[in-house]
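Summary of the model geometry
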Amino acid sequence: MDNVRGKLVPIIYCWHCGKQMSDGIDYNARQYCAGCKPLHNAEMQKLVDQSVVIKSQLMYWRALDLLQKQWVPMHEYYKAAQVVKQRIDEKPKTFNSAPEIMACLELLRQRVRIKLQVKISDFKVDFVLRDELIVLEIDGYLHAFQRTQDWYRDEAIRKKLGAEWEVIRIPVKCIEGKVRALYDGIVQLRTEQQRVRAENHGLLPDSYSIRTMEVWANAVRKLA
Ligand SMILES: [Zn+2]
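Cut-off values and rules
Residues numbered from 1 in each chain as written. Predicted model: local features only at pLDDT ≥ 70, side-chain atom pairs only at ≥ 80, totals over all residues. Helix = DSSP H or I, 4+ residues; strand = E, 2+ residues; numbered from the N terminus. Buried ≥ 20, exposed ≤ 12 C-beta atoms within 10 Å, placed from the backbone. Contact = placed C-beta atoms within 7 Å. Pairing = 2+ DSSP bridges. Axes fitted to C-alpha atoms, helices over the stretch in contact; angles between N-to-C directions.

**Considerations on the overall build of the chain**
Each helix and strand in the chain was counted, giving seven helices and six strands. What you see in the chain, going N to C, is helices and strands ordered as β-β-α-α-α-β-β-β-α-β-α-α-α. Along the first, second and third principal axes, the C-alpha set of the chain runs to 85 × 45 × 25 Å. Out of the 224 residues in the chain, the part that is buried amounts to 25%. By sequence separation, contacts in the chain at least 24 residues apart represent 58% of the contacts at least 6 residues apart.

What follows is the structure, encoded as structure tokens:
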């Protein structure tokens, strides 16, 4: 505390350089000299950028650990892993989750031509498989609660790409269970979705998501 004109006032220091500052300022906020504020902001931004890089690298290794737990021949994924690692180094925000990386590794292993994080209309989708006419989305655990929004989103994407395209949504738990069923699973799901549409005036009924698990289970069974 300092005594100014008979009043006790706190001594204020710059939170960046530590210099004592003049009076007449907001005591309820951290104070910075004029030149120090941008320096502080730049420091914060650097930390955020570094954390994105670290998070993406941890996600990569976590995806490989999860894959290894599925008792797959890891050497089959080596080249795919190098491609993914390079992509992550260049663009750390490419993947949102470890299961998404696992899906990417599996598709690359099977030499499927994919595009990542593609913008279609106002939406960004996880994977586009041009040869298979599939938009692939890996859905997180909280996804079950937004089915109606997904429905509109998927139809908007199909409207843009064409009716022969299907948006295939694979829950994270499928990837975490048996990622090797992925390619067969999504190809079968596309066929199935197109068949159901043909019987329902081009629409997928609400109950359709239940069929997803049946088709997936079939694909897993075929692996054995
Ligand atoms: Zn300062």
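Next, the rest of the story.
**What to know about the pairing of strand β4 (residues 123-129)**
Within β4, five of the seven residues are buried, which leaves it mostly tucked inside the rest of the structure. In this sheet, β4 lies alongside strand β3 (residues 115-120) in antiparallel orientation, the contact comprising five bridges. Paired with leucine 116 across the strands is phenylalanine 127, a residue of β4. Linking two consecutive strands that pair antiparallel, namely β3 and β4, is a turn of two residues; a positive phi of about 50° is found at serine 121 within it. Pairing geometry for β4 and strand β5 (residues 134-139), over three bridges, is antiparallel. Residue valine 128 lies in a different strand from β5, and its bridge partner there is valine 135.

**Here's the deal with the sheet that holds β3**
The four strands lie next to each other as β3-β4-β5-β6, forming an open sheet whose pairing is mixed. Where the open sheet ends on each side, the last strands, each with one partner, are β3 and β6 (166-171). The sheet shows a mean angle of 45° between the axes of neighbouring strands, direction not considered.

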